[in-house]
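Structural overview
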Amino acid sequence: MSLTGLPVFDETIHKTNAWLKEISEHLDCDRHHAYQALRAVLHCLRDRLMINEAAQLGDQLPMLVRGIYYEAWRPAGKPEKIRSREEFLARVATLLATAPIESEDAVRAVFETLEHHVTPGEVHDVIQELPHEIRTLWPQEPKRPHSSL
């Protein structure tokens with residue numbers, strides 16, 4: 001039975017719910033707080049990436065998550081000069097202002113979810129654009145995928 005009457009919308013709702021469930025289980029929180037974590041981390045990550053890389057990551061997100069990702073994006077002046085782990089976590093904490101979630105926990109949960117749902121090549125490209133201190137927040141730094149010739 002279709003939830004919305006449009007299969008494409010049903011699919012993106014299903015995928016987004018799976019992402020929120022994964023994040024909520026990692027953070028031991030409800031779906032609303034999982035959404036707040038997802039939104040805060042995606043916005044901070046997006047704003048730290050070069051515009052082309054931010055767009056390439058956005059292409060791999062489910063439609064509904066993609067809308068969250070691009071919400072209020074202003075590409076001018078990007079990437080932001082967030083160089084340290086502390087700056088990155090402080091920015092996420094600001095975006096999480098009303099949520100009872102530690103910024104580092106939110107970042108780790110969302111990065112892990114991205115690693116599960118985005119291609120290894122794209123995860124690698126995103127990680128390579130981040131300063132080393134921020135890279136350490138990923139579950140593990142994946143190896144560059146082999147390309148077949």
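As a reminder, the structure under discussion sits directly above these lines.
Bear in mind that the values here come from a model prediction, so they are computed numbers and not experimental data.

1. Focus on the nonpolar core
Proteins that are soluble and globular tend to have nonpolar side chains buried together. Membership of the largest hydrophobic core comes to 40 residues, with the highest contact counts inside it found for Leu-45, Phe-88, Phe-111 and Leu-114. Listed by contribution, the elements that provide at least two residues to this core are helix H1 (7-27), helix H2 (31-48), helix H3 (51-59), helix H4 (63-70), helix H5 (85-95), helix H6 (103-117) and helix H7 (120-129). The biggest single contributor to this core is H2, with eight residues. Discounting chain neighbours no more than four positions away, the residues touching Leu-114 are Trp-19, Leu-42, Leu-45, Leu-61, Val-123 and Trp-138.

2. What to know about the packing of H1 against H4
If you want to describe how two helices pack, look at the angle between their axes and the distance between the axes. Two elements in contact, H1 and H4, have axes separated by 7 Å at closest approach and are oriented at 70°. What the angle tells us is that H1 and H4 run roughly perpendicular. Contacts from Val-8, Phe-9, Thr-12, Ile-13, Thr-16 and Trp-19 in H1 reach Met-63, Leu-64 and Val-65 in H4. Considering only residue class, the contact of H1 with H4 consists of seven nonpolar, two polar and no charged.

3. So, the packing of H1 against H6
Contact geometry of H1 with H6 gives a least axis separation of 9 Å together with a crossing angle of 140°. Judged on the interaxial angle alone, H6 and H1 are oblique. As H1 packs across H6, the resulting crossing turns out to be right-handed. Contact residues: H1 offers Trp-19, Glu-22, Ile-23, His-26 and Leu-27, while H6 offers Asp-105, Ala-106, Arg-108, Ala-109, Val-110, Glu-112, Thr-113, Leu-114, His-116 and His-117. Tallied by class, the residues present in the contact of H1 with H6 amount to seven nonpolar, four polar and four charged.

4. Overview of the packing of aromatic side chains
By the definition in use, this model includes four aromatic pairs. Each ring, one from Phe-111 and one from Trp-138, has its centre 4.2 Å from the other, and the planes form 15°; the classification is stacked. Remark: Trp-138 occurs in the segment after helix H8 (132-135) and Phe-111 occurs in helix H6; sequence separation between them is 27 residues. Of the aromatic side chains, those joined through ring pairs into one cluster are Tyr-69, Tyr-70 and Trp-73.

How each quantity is defined
For every chain, the first residue of its written sequence is number 1, and the numbers climb from 1 along that sequence. Only residues with pLDDT of at least 70 are given local features in this predicted model, and only at 80 or more are side-chain atom pairs given and counted; all residues enter the totals for whole chains, interfaces and linings. For side-chain calculations, the full set of non-hydrogen atoms in the structure is used, while hydrogens and water are omitted. By nonpolar core is meant a set of buried Ala, Val, Leu, Ile, Met, Phe, Trp, Tyr and Cys residues that side-chain atoms within 4.5 Å join together. Categorising residues by exposure relies on relative accessible area from a 1.4 Å probe, with only protein chains included: less than 20% of the type maximum marks a residue as buried, more than 50% marks it as exposed, and the intermediate range marks it as partly exposed. Runs of E in the DSSP output that reach at least two residues are strands. Runs of H or I that reach at least four are helices, and both are numbered from the N terminus. Residue contacts are defined here by distance: any two heavy atoms, one from each residue, within 4.5 Å place the two residues in contact. Note on definitions: angles span 0 to 180 degrees between N-to-C directions of axes, and those axes are lines fitted to C-alpha atoms, for helices only across the stretch in contact. By the definition adopted for this analysis, an angle is roughly parallel if under 35 degrees, roughly antiparallel if over 145, roughly perpendicular if from 65 to 115, and oblique otherwise. Polar here means any residue other than Ala, Val, Leu, Ile, Met, Phe, Trp, Tyr, Cys and Pro, which are nonpolar, and Asp, Glu, Lys and Arg, which are charged; Gly is therefore polar. Left-handed is the label given to a crossing in which the near helix is rotated counterclockwise from the far helix by less than a right angle, and right-handed is the label when the rotation is clockwise. In this analysis, rings of Phe, Tyr and Trp, with Trp reduced to its six-membered ring, are considered paired at centre separations within 6.5 Å, and the interplanar angle assigns stacked below 30 degrees, edge-to-face beyond 60, and tilted for intermediate values.

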